[in-house]
Amino acid sequence: MNKKTAIVVGAGLGGMSAAIRLSGDGYDVKVIEKNSNIGGKLNRREGKGFTFDTGPSILTMPWVLEQLFASVHRRLEDYITVERVEPQWRTFFEDGTQLDVTSDLPNMLEEMSKVTNRPNRKLTDFLSYSQDMYELCMKSFYKYSIQDLKDLKKHHKLNELMQMDPMSTVAKSTHKQFNNPYLEQLFNYFVMYVGSNPYSAPAILNQLVYVQLGLGIHYVKGGMYKIAEGMGQLMKELRVDVQLNTPVQRLVVENDRVTGVETEGGTLHEADIVVSNLEAIPAYRKLAPKTSKVKKETKSLEKKFDPTVSGLVLLLGTDRKFDHLKHHNFLFSEDPEKEFKQIFEEGKPADDPTIYIGISARSDDTQAPEGKDNLFVLTHVPPMTGKKQKPVDWDAYREVVLDKLERMGIEGLRDSIEFEYRFTPEDLEALYGPNGGSIYGIAADKKSNGGFKIPSKSQVFEGLYFVGGSTHPGGGVPMVTLSGQLTADLIKEHESEPVPQS
Ligand SMILES: Cc1cc2nc3c(=O)[nH]c(=O)nc-3n(C[C@H](O)[C@H](O)[C@H](O)COP(=O)(O)OP(=O)(O)OC[C@H]3O[C@@H](n4cnc5c(N)ncnc54)[C@H](O)[C@@H]3O)c2cc1C
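Calculation notes
- Residues numbered from 1 in each chain as written.
- Predicted model: local features only at pLDDT ≥ 70, side-chain atom pairs only at ≥ 80, totals over all residues.
- Helix = DSSP H or I, 4+ residues; strand = E, 2+ residues; numbered from the N terminus.
- Rg over C-alpha atoms; globule rule 2.2 N^0.38 Å.
- Contact = placed C-beta atoms within 7 Å.
- Near = placed C-beta within 6 Å.
- Domains from an automatic or database assignment.
- Axes fitted to C-alpha atoms, helices over the stretch in contact; angles between N-to-C directions.
- Left-handed = near helix turned anticlockwise from the far one by under 90°.
- Nonpolar A, V, L, I, M, F, W, Y, C, P; charged D, E, K, R; others polar.
- Pairing = 2+ DSSP bridges.
- Core = buried A, V, L, I, M, F, W, Y, C linked by C-beta atoms within 7 Å.
- Buried ≥ 20, exposed ≤ 12 C-beta atoms within 10 Å, placed from the backbone.
- Parallel < 35°, antiparallel > 145°, perpendicular 65-115°, else oblique.
- Arc of directions from axis to C-beta.

The number of helices and strands found in the chain is 17 helices and 19 strands. Against the compact-globule benchmark of 23 Å for 502 residues, the chain has a radius of gyration of 22 Å, which places it among compact chains. Over its C-alpha atoms, taken along the principal directions, the chain stretches across nearly 65 × 55 × 50 Å. Intrachain contacts of the chain at a sequence separation of at least 6 include 71% that bridge at least 24 residues.

Looking at the secondary structure, you find Gly386 in the loop between β17 (373–381) and α14 (394–407). Taking C-alpha positions, Gly386 is 8.4 Å from Gly436, a pair spaced 50 residues apart along the chain.

Another point: the site of the ligand. By nearness alone, 37 residues border the ligand, and Gly10, Gly12, Gly14, Gly40 and Gly468 come closest of all. Going through the elements one at a time, α1 (13–24), β14 (310–318), α16 (425–432) and α17 (477–494) are the ones with two or more residues in the shell around the ligand. Two domains each put at least three residues into the shell around the ligand: domain 1 (1–40 + 223–306 + 450–502) and domain 3 (309–436).

Helix packing geometry: the angle between the two helix axes and the distance between the axes. Remark: helix α7 (residues 170–178) packs on helix α8 (residues 181–188), axes separated minimally by 9 Å, with the N-to-C direction vectors making an angle of 145°. Where α7 crosses over α8, the two elements pack in a sense that is right-handed. In contact with Val170, Ala171, Thr174, His175 and Phe178 of α7, α8 contributes Leu183, Glu184, Phe187 and Asn188. Broken down by class, the residue content of the contact of α7 with α8 amounts to five nonpolar, three polar and one charged.

Further remarks concern the sheet that holds strand β12 (residues 267–270). With respect to topology, three strands assemble into an open sheet ordered β10-β11-β12, the strand pairing being antiparallel. The outermost strands of the open sheet, each flanked by one partner alone, are β10 (248–254) and β12. Strand-to-strand, the axes of this sheet are offset by a mean angle of 30°, without reference to chain direction. With six bridges joining them, β10 and strand β11 (residues 257–263) adopt antiparallel strand pairing. Looking at β11, one finds that Arg250 is bridged to Glu262.

Within the largest apolar cluster, 145 residues are counted, with the highest numbers of intra-cluster contacts made by Ala19 and Val274. Top contributing element to this core by residue count: α17, with eight residues. Val274 has contacts with Ile7, Val9, Leu251, Val258, Gly260, Val261, Gly463 and Leu464, leaving out every residue within four places of it along the chain.

Often, the extent of an interface is quoted as the loss of accessible area upon association of its parts. According to the domain assignment, the chain consists of domain 1 (1–40 + 223–306 + 450–502), domain 2 (109–216) and domain 3 (309–436). Between the C-alpha centres of domain 1 and domain 3 there is a distance of 31 Å. At the junction of the two partners, domain 1 supplies seven residues and domain 3 supplies six residues.

Further remarks concern the pairing of β11. The loop that links β10 with its antiparallel partner β11 comprises two residues; one of these, Asn255, has a positive phi angle of about 50°. Strand direction decides the pairing type here: β11 and β12, joined by four bridges, are antiparallel. By the bridge assignment for β12, Glu262 is matched with Leu268. Two successive antiparallel strands, β11 and β12, enclose a turn made up of three residues, where Gly265 displays a positive phi of approximately 95°.

The next thing to look at is the sheet that holds β14. Spatial strand order, β7-β6-β15-β16-β17-β14-β18: seven strands in an open sheet with mixed pairing. Each of the sheet's edge strands pairs with one partner strand only, and the pair in question is β7 (98–101) and β18 (417–423). Neighbour to neighbour, the strand axes of the sheet diverge by 20° on average, direction disregarded. As paired strands, strand β16 (residues 355–358) and β17 are joined by four bridges and run antiparallel to one another. Bridge assignment links Gly358 to a residue of β17, and that residue is Phe376. Taken strand by strand, α14 contacts β14, β15 (328–331), β16 and β17, and its axis lies near 60° from that of β14.

The next subject is the packing of α1 against helix α10 (residues 225–237). At a minimum axis distance of 10 Å, the contact between α1 and α10 shows a crossing angle of 30°. As summarised for this structure, α1 and α10 are arranged roughly parallel, according to the angle between their axes. α10 is crossed by α1, and the crossing has left-handed handedness. Facing α1, whose interface residues are Met16, Ala19 and Ile20, α10 presents Met231, Leu234 and Met235. Here the residues of the contact of α1 with α10 sort into six nonpolar, no polar and no charged.

Our focus in this paragraph is α7. Within the span of α7, buried status applies to Val170, Ala171, Ser173, Thr174 and Phe178. Looking straight down α7, one finds its buried side chains confined to an arc of 165°; they lie on one side. Against the buried residues of α7 lie α4 (119–139) and α8. Where α7 terminates, the next one or two residues include Asn179, which has phi positive at roughly 40°.

Among the secondary structure elements, Asp256 is positioned in the loop between β10 and β11. Under the C-beta neighbour-count criterion, Asp256 is labelled partly exposed, with 13 such atoms within 10 Å. In this structure the C-alpha to C-alpha distance between Asp256 and Asn329, which are 73 residues apart in sequence, comes to 49 Å. Here Asp256 is in contact with Phe461 and Glu462, once residues within four sequence places are set aside.

Below you can see the structure in the form of structure tokens.
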């Protein structure tokens, strides 16, 4: 008897995760990817002896990857080596204050005592508040494909829903807890792991503080791209058919059911189900037939689900080491409220942005020639929404970024650059297709979507599912990898006929 068939559009982490799980569930799976390599935003670039991960540089919640590999009876450690990074971040403030973030409690308290009195109570209380929320999410958000409050209520009693601090935002709760500008700015920034605005994102995202301080942040030996290679190897072992350099051009629909896809050149690929790793809104805009139902759904999704921030990424190979920098560094803005207002409300890059610098060579000397550094410089900027936005002069904004870095202690940076490459929001959109060049998918916003994402099961067509940053549970490496797994569960529930094994 023939096996059921699945097509996955896109070989990002969400797509590969879904492909692996569906294969484990007995589907014959074909992954169709437009680019020449797998991994999507988890990508790599090399030049002049330097290697750069061009997307994610911080791995959190590695249990999600372990769970994926275990679902097909493999051990993650046989494919990649995950290492914990300490200190986790070095942070720099405009007034010269410098704080290291570490999961070593005594050291963290000592660091905090540079800017506040009696830090013990403040930190331990906040950590247990954050841990409680994370543990509640382990019962629901990280276990099932949740669509809305009605879904969430199936898994929690009222007292648990109240523990999620539903009336508050990330920034309100850090203010209540710390009432200290340095610590508020620092802890508010954790929500940028999912690209949202701390002043409007729901407080439940403060669980990211426990995710980082409690569970740790990690690096993958040889570079983060090894995660994609590990999944690629696993797909090979599972006989998933991966087709590269093959853009999908449209979804094939019969009687409101998706029956396959058409790729460039007019080739038709039939399947029982189609899983789109291209975000839901661009998938409806670009791949679905232009029916009134599709147009209505697209409009309603656009209204509720704004894209997260995008980024200006500068990859800088330098002729020297900047020894005062750690593996992960954040150089904060002077006025975070103004910074977030400019990015999220005014839709323009901040005059004085927070800048992240990752130097994987600090943990892994295969990433840069001896005595040199590989700086991955990420500045979050608004996505391209088209709404009242002026085009950005990226050459000029590069100077804003380099000026700030040199001003805040990276002296001689410009003179030291011997390799440079950059990605703008336009590049990110062209490369991977996310809405407006969004880095993390959908922005969590207390008012417009309550932190929920686009449903993984299409509301328009049967047989069509979505995975990745625009769907539950959201953006970032662990979340999109989880979305592939949770969507596979959803597919089991809805495509209920038993899958025949050949
Ligand atoms: C600069 C940057 C820094 C980041 N830093 C971190 C970090 O430190 N930690 C972290 O956890 N996360 C980070 N992220 C976020 C993380 O990389 C993403 O959330 C995640 O990789 C997205 O995976 P995805 O599966 O949702 O989608 P994508 O990776 O976008 O994959 C979508 C895939 O679909 C393909 N595709 C699109 N259209 C078509 C089509 N028509 N036909 C065929 N294929 C198609 C694309 O080419 C792509 O391969 C970062 C991202 C960026 C860009």
